[in-house]
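# Coordinates in review
Each chain, letter by letter, is given below.
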Amino acid sequence: MKSFAIGDARVGGRELLIVAGPCVVESAEMCLAVATKLKEITAARGLPFVFKASFRKANRSSGDSFSGLPDHKGLDALARVKLEVGVPILTDVHEETEVDTVAEVVDAIQIPAFLSRQTSLLQAAARTGRAVNVKKGQFLAPADMKNAIDKVLAAGGERVMVTERGTTFGYGDLVVDMRGLVVMRALGWPVVFDATHSLQQPGGAVSGGRPEFTIPLMRAAVGCGVDGVFFETHPDPAHALSDAATQLPLAEAEAFLDEAQRVHEAVGSRAHA
């Protein structure tokens, strides 16, 4: 299994990487507050941490949905988090024209699931030299992520990880096939489980979700030996401007991390041999 650093956070090592933050940058102040809290609680547990928030959302259920702050205010907010809180930053890109600008701010570039087959976007992200996180498309078999990894490597990327976020199951629902986590880890690069997007029920004017499955699915994924856990968290999910149905309340993040760490320690080196 490859291991590498994203800023001062290591993935693919013995500790469980935590990638977390609000779904989208709603304000710099909110991001700073969430990042500060997450840094505090991950550091207390010895867990490597990367702050995640989307500076822009291109894939929304409705054209009226909030898609991000105007101009470059979303990226500016992420730059403040990196400088003032001192944590590595991950955000997603949707177009090749965004990649170089985003790379000036972040430590890791994320390819959204619905763009995971976009060759030119994967190549552009790889050429920046930043770590690349590729979300597995809801329409892809786990083994097909080898193609995405190969595209990143062929374009000069040296740090890549893949993230499971559920597979389309009929209309308006996702399922997580835990076998896929094992299949993707066999590709030799770190695998992360997205514990909140996997709960979504896409469709309609606003995507729904089943947050009661957050802990059970996370337990199962960590038990399968994933290298990291990704989750979106918000101080007041009911009033979040994106993914209100699935974001973990920030007040519950400590209990979530404790449970993840307990399972990770119980599985131990057997899952990471």
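Going by the structure above, here's the rest.
Remember, predicted model here, so these are calculated numbers, not experimental data.

The number of helices and strands found in the chain is eight helices and 15 strands. Here the C-alpha atoms of the chain give a radius of gyration of 17 Å, agreeing with the 19 Å that 2.2 N^0.38 yields for 273 residues. Judged by the C-alpha coordinates and their principal axes, the chain covers about 45 × 40 × 40 Å. Of all 273 residues assigned to the chain, the portion counted as buried reaches 54%.

What follows covers the environment of Phe139. Note that Phe139 resides in the loop between strand S7 (131-135) and helix H5 (145-154). Along the chain, Phe139 and Ser116 lie 23 residues apart, while their C-alpha atoms are 9.8 Å from each other. The contact partners of Phe139, leaving out residues within four places of it in the chain, are Ala113, Phe114, Ser116 and Arg117.

Here the focus is unusual backbone geometry. One non-glycine residue, Asp71, lies in positive phi territory at about 55°. Residue placement: Asp71 occurs in the loop between strand S4 (49-52) and helix H2 (73-85). Judged by its relative accessible area of 70%, Asp71 falls in the exposed class. Unlike most non-glycine residues, Asp243 shows phi in positive territory, near 55°. Here Asp243 shows up in the loop between strand S14 (228-234) and strand S15 (248-249). Residue Asp243 is classed as buried on the basis of its relative accessible area of 15%.

On to the packing of aromatic side chains. Counted by the stated rule, this structure contains one aromatic pair. Positioned over the ring face of Phe230 is Lys135, at 4.3 Å from the centre of the ring.

Another aspect to go through is H2. In a regular helix each residue adds 1.5 Å, so 13 residues correspond to 18 Å; H2 covers 18 Å between its end C-alpha atoms and thus fits that length. Contacts made by the buried residues of H2 are with helix H1 (28-44), S4, strand S5 (89-92) and helix H3 (96-103). Gly86, located one to two residues past H2, shows a positive phi value of around 75°.

The next point concerns the pattern of salt bridges. If you walk through the whole model with that rule in mind, you get 18 salt bridges. Here Arg80 makes a salt bridge to Glu29, at a shortest N to O gap of 4.0 Å. Linking Arg80 in helix H2 with Glu29 in helix H1, this pair joins segments that are 51 residues apart in sequence. By relative accessible area, Arg80 is classed as partly exposed at 33%. Note on Glu29: relative accessible area 54%, which makes it exposed. Between Lys136 and Glu164 there is a salt bridge whose closest N-O contact spans 3.7 Å. With Lys136 in the loop between S7 and H5 and Glu164 in strand S8 (residues 160-164), the pair connects residues that are 28 residues apart, well separated along the chain. Glu164 sits in the buried class, given a relative accessible area of 1%.

Turning next to the packing of H1 against helix H8 (residues 253-267). Working note: a packed helix pair is described by the angle between its axes plus the distance between those axes. Interhelical geometry of H1 versus H8 gives an angle of 35° and a closest axis separation of 10 Å. Viewed along their axes, H1 and H8 form a crossing whose handedness is right-handed. Between H1 and H8, the contacting residues are Lys37, Leu38, Ile41 and Thr42 on the first element and Ala253, Glu254 and Leu257 on the second. Taken together, the residues of the contact of H1 with H8 break down into four nonpolar, one polar and two charged.

Turning our attention to the pairing of S5. Along S5, one buried face is formed by Ile89 and Thr91 and the opposite face, lined by Leu90 and Asp92, is buried too. By the bridge criterion, two bridges tie S4 to S5 in an arrangement that is parallel. Its bridge partner being in S5, Lys52 is matched across the sheet by Leu90. Bridging between S5 and strand S6 (residues 108-111) involves three bridges; their strand directions are parallel. By the bridge assignment for S6, Thr91 is matched with Ile109. A crossover links S5 with its parallel partner S6, the connecting element being H3, and its sense is right-handed.

What counts, and where the lines are drawn
Residues numbered from 1 in each chain as written. Predicted model: local features only at pLDDT ≥ 70, side-chain atom pairs only at ≥ 80, totals over all residues. Heavy atoms only, no water. Helix = DSSP H or I, 4+ residues; strand = E, 2+ residues; numbered from the N terminus. Rg over C-alpha atoms; globule rule 2.2 N^0.38 Å. Buried < 20%, exposed > 50% of the residue type's maximum accessible area, 1.4 Å probe, protein only. Contact = heavy atoms within 4.5 Å. Phe/Tyr/Trp six-rings, centres within 6.5 Å; stacked < 30°, edge-to-face > 60°. Lys NZ or Arg CZ within 6 Å of the ring centre and 35° of its normal. Expected span 1.5 Å × (residues − 1). Salt bridge = Lys/Arg side-chain N within 4 Å of Asp/Glu carboxyl O. Axes fitted to C-alpha atoms, helices over the stretch in contact; angles between N-to-C directions. Left-handed = near helix turned anticlockwise from the far one by under 90°. Nonpolar A, V, L, I, M, F, W, Y, C, P; charged D, E, K, R; others polar. Pairing = 2+ DSSP bridges. Right-handed = clockwise from strand over helix to strand, strands pointing away.

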